[in-house]
Amino acid sequence: MAEAERLARAALARVVEPGDARVGRWLAAWGPEAVWEALRARGPALPEVSAERWAGLLLRAERAEPERDLARIGELGGRFLCPGDREWPGQLADLGAAAPIGLWVRGPCSLRFVALRAVAVVGARACTDYGAHVAAELATGLCERGWTVVSGAAFGIDGAAHRGALAVSGVTVAVLACGVDVSYPLAHRELLDRIARGGLLVAELAPGDHPTRGRFVQRNRVIAALTRGTVVVEAARRSGALATARYAAGLGRHLMAVPGPVTSGLSAGSHRLIRAEATLVSEAAEIVELVGEMGELAEPGPEPLVARDLLAPRAARVLDALPANGALPLTEIARGACTSEGEARARLGELCALGFVERVGEHWRLSPGSTRHARVVIARGHGGA
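Residues numbered from 1 in each chain as written. Predicted model: local features only at pLDDT ≥ 70, side-chain atom pairs only at ≥ 80, totals over all residues. Heavy atoms only, no water.

Caption draft 1: Structural detail: the side chain of asparagine 220. Position of asparagine 220 relative to the elements: it lies in helix α10 (residues 213-226). Exposure remark for asparagine 220: the relative accessible area of 7% places this residue in the buried category. In this view, asparagine 220 contacts Gly240, Ala243, Thr244 and Tyr247; residues no more than four positions away in its chain are not counted. (Helix = DSSP H or I, 4+ residues; strand = E, 2+ residues; numbered from the N terminus. Buried < 20%, exposed > 50% of the residue type's maximum accessible area, 1.4 Å probe, protein only. Contact = heavy atoms within 4.5 Å.)

Here is the structure:
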């Protein structure tokens, strides 16, 4: 990209709010250099903007110093990416006129490369321990499968997702609603530094810019556009994570949600998504099955085993012949199991050794505190053929 165009985009990134589709249309029609020159020269207002808004843009343009901003990102070891750069993620074009003017990036990874296999994990700031645990587990599982975890570095689910990725030395990307040199929230300064060392910090806002409510909303569209799918782990009915979900659905990305307790208000938004359009997921393998390539299927997990499941069929039939309460003589047990008394005696001996039954005189009964289905862990192969 020509240096003049990069300089113009850097200037506009300081002047324009993220997601301004009017400016996107100006860029498509006249190019960034002409738009920046119109602002810098205090020329007549461009189309589709009120006089008040144009005046505000002119005031911001007076303070814009793109050379200083580019020098600052260089001092941080970062770079300013523009459409057309080798590192620019092509999927951001799906945002149309609301696509970013440019992106300020810190970190050693190539944004384009890590975004090829990326999943957003988002959710409530005031999350529960359950939500934080699930977010971390999902992020860990995704990174272990070679996927990038993208989130917004906020408190709660976002922070848990980033930490889960870092715990297994995975790649995680934090999309910020402020400059990449601003630690927000302040308590996440160490976390942001760790992400910058092994992953990426990404922002539309120029260095030094601080977050506002509107900027948080707009950064969600970048999170959704960068990734193949968005997972909402825990979200109340008015959670900001639902904005990311709406962007993901609107962009045709996979939308997923994790269920929670029906009594928890922090899962109400997730449940509403599942009822409407989101796919229910509970582990990383299920996410990869949706967003991955053909054939990346989640393997069915093993069915939970109890001791009764490991008994050989003949021993199980004898165990089933015993009543829940009381005791029976050998003859009645053999009759109930439809086998000989000799066979019933042999199987009862095995069941007694395993702790399922006990002998009371000439009768047999279930051991106190035992059930037919759960007792001690039984080694495979016990119980006869």
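Caption draft 2: Quick look at the nonpolar core. Formed by 34 residues in total, the largest nonpolar core has its most connected members in Leu92, Leu103, Leu111, Leu200, Val232 and Leu273. Going through the elements one at a time, β2 (103-106), α6 (111-114), β3 (118-122), β5 (172-176), β6 (200-203), α10, α11 (241-250) and β8 (254-257) are the ones with two or more residues in this core. Looking at this core, the element that brings in the most residues is α10, giving 5 residues. Residues in contact with leucine 92, not counting those within four places in the same chain, are Ala99, Pro100, Leu103, Val222, Ala225 and Leu226. Ranked by size, the runner-up nonpolar core spans 23 residues in total, among them Val119, Val134, Ala160 and Val281. (Core = buried A, V, L, I, M, F, W, Y, C linked by side-chain atoms within 4.5 Å.)

Caption draft 3: Looking closely at the sheet that holds strand β12 (residues 363-366). Pairing is antiparallel across the open sheet formed by 3 strands, whose spatial order is β10-β12-β11. In this open sheet, the two edge strands, each paired with only one partner strand, are β10 (328-329) and β11 (357-360). Here β11 pairs with β12 via 4 bridges, running antiparallel. By the bridge assignment, valine 357 is partnered in β12 with leucine 366. Contacts from helix α16 (residues 341-353) reach β11 and β12, with the element oriented near 115° to β11. (Pairing = 2+ DSSP bridges. Axes fitted to C-alpha atoms, helices over the stretch in contact; angles between N-to-C directions.)

Caption draft 4: Molecular detail of the layout of surface pockets. Approximately 510 Å³ is the volume attributed to the largest pocket. Along the walls of the largest pocket sit 25 residues, with Arg125, Arg238, Ser239, Gly240 and Ala241 positioned nearest its centre. Going through the elements one at a time, α10 and α11 are the ones with two or more residues in the lining of the largest pocket. Of all the elements, α10 adds the most residues to the lining of the largest pocket, at 6 residues. For the lining of the largest pocket, the class distribution of residues is 12 nonpolar, 6 polar and 7 charged. Taken as a whole, the second largest pocket holds about 200 Å³ of empty space. Lining the second largest pocket are 13 residues, and of these Arg9, Pro83, Gly96, Ala99 and Pro100 lie nearest its centre. Of the residues that constitute the lining of the second largest pocket, the class distribution is 10 nonpolar, 2 polar and 1 charged. (1 Å grid on protein atoms, 1.4 Å probe; cavity = no way out; pocket = protein on both sides within 12 Å on 5 of 7 lines; lining within 4 Å. Points joined across faces, edges and corners; volume = space filled by probe spheres on them. Nonpolar A, V, L, I, M, F, W, Y, C, P; charged D, E, K, R; others polar.)

Caption draft 5: Quick peek at the pairing of β8. Here strand β7 (residues 229-232) runs beside β8; their pairing, made up of 4 bridges, is parallel. Looking at the pairing, valine 231 lines up with methionine 256 of β8. The handedness of the β7 to β8 crossover, carried by α11, is right-handed. Note that β8 and strand β9 (residues 279-280) share 2 bridges and pair parallel. Within β9, the position partnered with methionine 256 by the bridge is threonine 279. Taken together, β8, helix α12 (residues 268-276) and β9 constitute a β-α-β crossover, and its handedness is right-handed. (Right-handed = clockwise from strand over helix to strand, strands pointing away.)

Caption draft 6: View of the sheet that holds β3. On the basis of which strands lie adjacent, the open sheet formed by 9 strands has the order β1-β2-β6-β5-β4-β3-β7-β8-β9 and mixed pairing. Whereas interior strands pair on both sides, the edge strands pair on one side only; in this sheet they are β1 (79-81) and β9. Along the sheet, α11 contacts β3, β7 and β8; its crossing angle with β7, the most-contacted strand, is approximately 150°.

Caption draft 7: Helix α1 (residues 3-15), seen in detail. When the terminal C-alpha atoms of α1 are compared, their 19 Å separation across 13 residues agrees well with the 18 Å that a helix rising 1.5 Å per residue should span. Looking at the buried residues of α1, the elements they touch are α2 (21-30), α3 (32-40), α4 (51-63), α5 (66-75), β1 and β2. (Expected span 1.5 Å × (residues − 1).)

Caption draft 8: Seen up close, empty space enclosed by the protein. Evaluation of the coordinates by the stated rule reveals 2 cavities of 30 Å³ or more. In this model, the largest cavity occupies a volume close to 110 Å³. Forming the walls of the largest cavity are 15 residues, and the residues nearest its centre are Glu17, Pro18, Gly19, Ile101 and Glu204. A domain-level breakdown of the lining of the largest cavity finds at least three residues from each of domain 1 (3-64) and domain 2 (90-291). (Domains from an automatic or database assignment.)

Caption draft 9: Representation of the pattern of salt bridges within the structure. Applying the stated rule across the entire model yields 23 salt bridges. Each member of the salt-bridge network shares a partner with another, and the members are Arg314, Glu343, Arg347 and Glu350. (Salt bridge = Lys/Arg side-chain N within 4 Å of Asp/Glu carboxyl O.)

Caption draft 10: Focus on the packing of helix α8 (residues 157-167) against helix α9 (residues 189-198). Axis separation between α8 and α9 bottoms out at 11 Å; the angle between their running directions is 45°. Overall, the two elements α8 and α9 adopt an arrangement that is oblique. As α8 packs across α9, the resulting crossing turns out to be left-handed. Where α8 approaches α9, its residues Gly159, His162, Arg163 and Leu166 are matched on the opposing element by Leu191, Arg194 and Ile195. Class assignment of the residues belonging to the contact of α8 with α9 gives a composition of 3 nonpolar, 2 polar and 2 charged. (Parallel < 35°, antiparallel > 145°, perpendicular 65-115°, else oblique. Left-handed = near helix turned anticlockwise from the far one by under 90°.)

Caption draft 11: Focus on the UniProt feature "domain: Smf/DprA SLOG" (unreviewed entry) in the chain. Taking the numbering used here, the UniProt-annotated feature "domain: Smf/DprA SLOG" (unreviewed entry) corresponds to residues 80-290. For the annotated span residues 80-290, helix accounts for 38% and strand for 16% of the residues, and the straight-line distance between the end C-alpha atoms is 33 Å. (UniProt positions renumbered as here; feature names shortened; annotations may be inferred.)

Caption draft 12: The arrangement of the domain arrangement of the chain in detail. Segmenting the chain into domains produces domain 1 (3-64), domain 2 (90-291) and domain 3 (307-366). Each of domain 2 and domain 3 has a C-alpha centre, and the two are 56 Å apart.

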